[in-house]
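Architecture at a glance
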Amino acid sequence: MSEPPRLQIESGRVVLSGDWTLASILPTLAVLAQQLDDAQKSCLDWDLGTITRLDSAAAVFLWRTWNESWPSKLLISDMHRHVILRVAETSLPNAVHGRWDFRRPLETLGAAVIGLFLMLRGLVVVYGQLLLDLGYLLRHPQEMPWKEVSATIYKAGAQALPVTALVGFLIGVTISYLSALQLRTFGADLFIVNILGIAIIRELGPVLVAVLVAGRSGSAMTAQIGVMRVTEEIDALAAMGISRSIRIVLPKMVALTIVLPLLVMWASSIALLGGMLSALLQLDISLGFFVDSLQRAVPVANLVIGLSKGLVFGFVIAWVACYFGLRVKPNTESLSANTTASVVTAITLVILVDAIFAIFTRNFGIPQL
Amino acid sequence: MTAPSIPVVEMRGLATRIGGRDIHRNLDLVVEKGQVVGLVGSSGSGKTTLLRQILGLLQPSEGQVRLFGQDVVTAGGEMRRNLLRRLGVLFQGGALFSALSVFDNIAFPLRELRRLDEDWIRRLVYLKLQMVELEPAHGKLMPAELSGGMVKRAALARALAMEPELLLLDEPTAGLDPERSRSFVALIRALKSELGLTVIMVTHDPETLAGLATHIAVLAGGRIETFGSQADVMAAEHPVVEAFRQGGKG
């Protein structure tokens, strides 16, 4: 149907014929380039009169062969001349080549530091807005977005029950099993209760749940707010006179702060159950005895610490998620970058806060023997 | 010119069901080389769906879609790729890759060929930008930084990058001011005469339709109700056409 591009040299003239289009020159590109180069070198007249089709890709091809100037003798139809003319008249901006600069790493470092401060400022802004909104809602309680809060509790809490239970149970079994191996060599079997009780209730339960929820709900929140920004839904809300922070940010932060301690309670219980079963099988410690000595081995302060950690972790995760969500720019790259940053930052902050908790609560809840 | 040329697009007995709803029933459409077909119909009559079927993005429930004489649905791998390289699409929302700059968006299909060097690609990209009346400096911008009209033009430049034989336009002039809209029509017309481009466009704009279309296909009730040259269809008695006639005068 289409004729392949051909180049012939006839009595001192270069004759091009056939279809000169991107699709038709591609298969024989190397050969054609060679032929054109040779023809150009021998300074002949050009006859393009019998070309059937000429598109701009092929025109660029010819124009480059001619070293960006018209050949002295050229036979071409007006239509095709116009195509090449357009190529000739294209203004090419100068290419800016990035040269390596010794200042570049310094600039990168500086940008990272400034970025960190901007992030801290942004987080403070989100926090401050939350306080203002809470103050406003105290005066206008009827505007409290209960529906959104309850939806988030269901999504981030109720739907997370199976996965937190599974992970908690497995961690409980593992810790119990490994500790039992060690304790048996010292004949200190009974201390399994102390180890499991304090480790799970005080430390593992909250951190485990926080990491799971940061990955599960934190990323979802960032992505949701981000997509709402991309699709201008947030602007639509604002245009209706509805505060985006009260309707979108506040419910998430409130709900996650409420729901995380409950999840911690749930996951810790299941983890203890796993530990108890493992202790029963490995060390023959009966369930009744385990529960009984748990009360004596683990002061209630540990539970309070564990649940308060859950409270703070929940708040931190939602806080970070909302901040990064609001930072999403309307493109896919920014969405994925911010979602990643949200999860990483949330988990890092959770571990950081956990360390701070460990230092400030060091005098509480450790049984003195 | 070979005497009985193969139609660029040929749809026979096409039926589409999406979610239990009939979009098309027994639809026939044949577009010959060099035609500029305006696809009109009321909102929700399945015009965009039809374009998606030409692209093979959507499988018809029944019937056949042939592009340049080859079945789009059954063509696989290399053949399908070659087939799709011969057409360019301007999506309704532009569908520019948001992570790439305008320049890289237009260069993307050319780079995918893996045969052209960077200098060649650069010349082509700036040529296309010029064709759609964008400044070379606009090449550095990201799609999020463009106005609605500029997105359209950048997307058209990308659609034209591969020198397509068939151009599919979904609402090409929606969101452009009348001035730009007219220059856009002139641009497509010029391209058509230079390259023998075949165009299928969905449009609601009477002016674009009148200025560009050589043929009009009226989509109603899941079928192509009327197909013919612009003058014939515009003279016909049809509610959809009537609406366009009114719009054209107003």
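Structural data are supplied above this passage.
The following refers to the structure shown. What you see is a predicted model, and the numbers here were worked out from it, not measured in a lab. (Residues numbered from 1 in each chain as written. Chains lettered and ligands numbered in written order. Predicted model: local features only at pLDDT ≥ 70, side-chain atom pairs only at ≥ 80, totals over all residues. Heavy atoms only, no water.)

Now for the sheet that holds strand β3 (residues 45-54) of chain A. Residues and elements named next belong to chain A. Strands sit in the order β1-β2-β3-β4 across an open sheet of four strands; the sheet is mixed. Single-partner strands in this sheet number two, and they are β1 (6-10) and β4 (74-75). Here seven bridges tie strand β2 (residues 13-20) to β3, and the two strands are oriented parallel to one another. When the bridges of β3 are listed, R13 appears paired with D45. Where helix α3 (residues 56-65) meets the sheet, its contacts fall on β2 and β3, and the angle it forms with β3 comes to roughly 165°. Taken strand by strand, helix α4 (residues 78-89) contacts β3 and β4, and its axis lies near 95° from that of β3. (Pairing = 2+ DSSP bridges. Helix = DSSP H or I, 4+ residues; strand = E, 2+ residues; numbered from the N terminus. Contact = heavy atoms within 4.5 Å. Axes fitted to C-alpha atoms, helices over the stretch in contact; angles between N-to-C directions.)

A word on the interface of chain B and chain A. Taken together, the contacts link 28 residues of chain B with 31 residues of chain A. Counting the surface lost from both chain B and chain A, the interface buries some 2,800 Å², and carbon and sulfur atoms represent 61% of this. Contact with chain A buries area across many residues of chain B, yet W120, R123 and E194 of chain B alone supply 27% of it, more than any other trio. Linking chain B to chain A there are three salt bridges. Here R123 of chain B makes a salt bridge to E68 of chain A, at a shortest N to O gap of 2.2 Å. Applying the counting rule to chain B against chain A returns nine residue pairs in polar contact (both at pLDDT 80 or more). The set of elements that each furnish at least two residues to the side of chain B that touches chain A consists of α3 (102-113), α4 (118-131) and α6 (178-195) of chain B. Classifying every residue of the side of chain B that touches chain A by side-chain character gives 15 nonpolar, three polar and ten charged. (Buried area = accessible area lost by both parts, 1.4 Å probe. Salt bridge = Lys/Arg side-chain N within 4 Å of Asp/Glu carboxyl O. Polar contact = N/O pair within 3.5 Å; in protein donor to acceptor, adjacent residues only side chain to side chain. Nonpolar A, V, L, I, M, F, W, Y, C, P; charged D, E, K, R; others polar.)

Our focus in this paragraph is the pattern of salt bridges. Residues and elements named next belong to chain B. Tallied over the full model, the rule gives 17 salt bridges over all chains. R111 is paired through a salt bridge with D104; the nearest N and O atoms lie 3.1 Å apart. Using a relative accessible area of 25% as the deciding quantity, one classes D104 as partly exposed. For the salt bridge of E118 with R111, the shortest nitrogen-to-oxygen distance reads 3.0 Å. Using a relative accessible area of 43% as the deciding quantity, one classes E118 as partly exposed. (Buried < 20%, exposed > 50% of the residue type's maximum accessible area, 1.4 Å probe, protein only.)

Right, let's talk about helix α10 (residues 244-283) of chain A for a bit. Each full turn of the α-helix corresponds to 3.6 residues, which orients residues three or four apart in the same direction. All names here are of chain A. For α10, built from 40 residues, the straight-helix expectation of 58 Å at 1.5 Å per residue is met to within 8% by its first-to-last C-alpha distance of 56 Å. The sharpest bend along α10 reaches about 35° and sits at L250, with the proline P251 one to four residues further on. Note on α10: the residue one or two positions beyond its end, D284, has a positive phi of about 60°. (Expected span 1.5 Å × (residues − 1). Bend = angle between axes of the 7 residues up to and from the residue.)

On to the packing of aromatic side chains. Scanning the entire structure with this criterion turns up ten aromatic pairs over all chains. An angle of 40° between the planes, with centres 6.3 Å apart, marks the rings of W66 of chain A and W70 of chain A as tilted. Under the relative-accessibility criterion, W70 of chain A is labelled partly exposed at 32%. Measuring from centroid to centroid gives 5.8 Å for Y127 of chain A and F315 of chain A, while their planes differ by 85°, and the two rings are edge-to-face. On the criterion of sequence distance, the pair formed by Y127 of chain A in helix α5 (residues 103-139) and F315 of chain A in helix α12 (residues 300-326) is long-range, its members being 188 residues apart. Judged by its relative accessible area of 35%, Y127 of chain A falls in the partly exposed class. Here a set of aromatic residues connected by ring pairs shows up, and it is made of W46, W63, W66 and W70 of chain A. One Lys or Arg, R86 of chain B, reaches over the ring of F68 of chain B and ends 3.9 Å from the middle of that ring. Seen from the ring of F97 of chain B, R158 of chain B lies directly overhead, with NZ or CZ sitting 4.6 Å from the centre. (Phe/Tyr/Trp six-rings, centres within 6.5 Å; stacked < 30°, edge-to-face > 60°. Lys NZ or Arg CZ within 6 Å of the ring centre and 35° of its normal.)

Worth remembering: the numbers are spatial, not functional.
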